Amino acid sequence: MHRNVANTVPANDTETSTVLQYAINNLGVKDIVISGHTYCGGINAVLSGYDRLDRELKRWLAPVNEIYLKNKQTIDLISDPLAKSRKLAELNVLSVAKIVSELHPVLEARSRDIPINIHTLLYELDKGTFFNLNTSF
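- Labelled according to an unreviewed UniProt entry, the chain appears under the name Carbonic anhydrase, originating from Smittium culicis.
- Under the Catalytic activity (unreviewed entry) heading, UniProt states for the chain: "hydrogencarbonate + H(+) = CO2 + H2O".
- Regarding the chain, the UniProt comment filed under Function (unreviewed entry) reads as follows: "Reversible hydration of carbon dioxide."

So, in structure tokens, the structure goes:
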């Protein structure tokens, strides 16, 4: 398991690439789960005032803010704050899954005909269950 704030993965994240390389090459992992969760503090920080965040947190959450800005019209139509946060969390999971699918360890394994499956889930804290976003990469 590899965790971080708001489940974000920059395309040049060597830590995530290293974790994936070890998992795929040494542990034989073929299924990767990208999971966000409801009530995420990082997601809510973006929605409630990204410009007011401290420099380091702002830099880390920049990819989430970009997702928000790209989908602002849709997300801002949602009046319920929990539903709004959930929508951004779901979009973030999909974005991270796409990034992970393009990281060197995944591409290299697939080039050797090793099937690497990337699954997208959202953990619903209030229910204690995973919601399958039904998107694979």
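The discussion continues.
**What to know about the overall build of the chain**
So, point 1. Helices and strands together make up the secondary structure of the chain, namely six helices and three strands.
So, point 2. When the helices and strands of the chain are listed from N to C terminus, the series reads α-β-α-α-α-α-α-β-β.
So, point 3. Taken over the C-alpha trace, the chain has a radius of gyration of 15 Å; the compact-globule value for 137 residues is 14 Å, and the two agree within 12%.
So, point 4. Along the first, second and third principal axes, the C-alpha atoms of the chain reach 45 × 35 × 25 Å.
So, point 5. Across the chain, the fraction of contacts at a sequence separation of at least 24, relative to all contacts at a separation of at least 6, is 64%.
So, point 6. Carbon together with sulfur atoms contributes 53% to the accessible area of the chain, which is approximately 8,200 Å² in total.
So, point 7. Averaged over its 15 positive side-chain charges, the chain has a centre that lies 2 Å from the centre of its 15 negative ones.

Criteria and cut-off values
All residue numbers refer to position in the chain's written sequence, counted from 1. Side-chain atom pairs in this predicted model are given and counted only at pLDDT of 80 or more, local residue features only at pLDDT of at least 70, and totals for whole chains, interfaces and linings cover all residues. Side-chain numbers here rest on the full set of heavy atoms in the structure, without hydrogens or water. UniProt positions are given in the numbering used here, feature names are shortened, and annotations may be inferred rather than shown by experiment. Under the scheme used here, helices are H or I runs from DSSP no shorter than 4 residues and strands are E runs no shorter than 2 residues, and both carry numbers assigned from the N terminus. Only C-alpha atoms enter the radius of gyration, while the globule expectation follows 2.2 Å times N to the 0.38, with N the number of residues. Contacts are assigned to residue pairs with any non-hydrogen atoms lying within 4.5 Å of each other. Areas reported here follow the Shrake-Rupley algorithm with a probe of radius 1.4 Å; residue values treat only the protein chains shown as occluding. Counted as positive: Lys and Arg. Counted as negative: Asp and Glu, with His and the chain ends omitted from the count. To locate a charge, the coordinates of NZ of Lys, CZ of Arg, CG of Asp or CD of Glu are taken.

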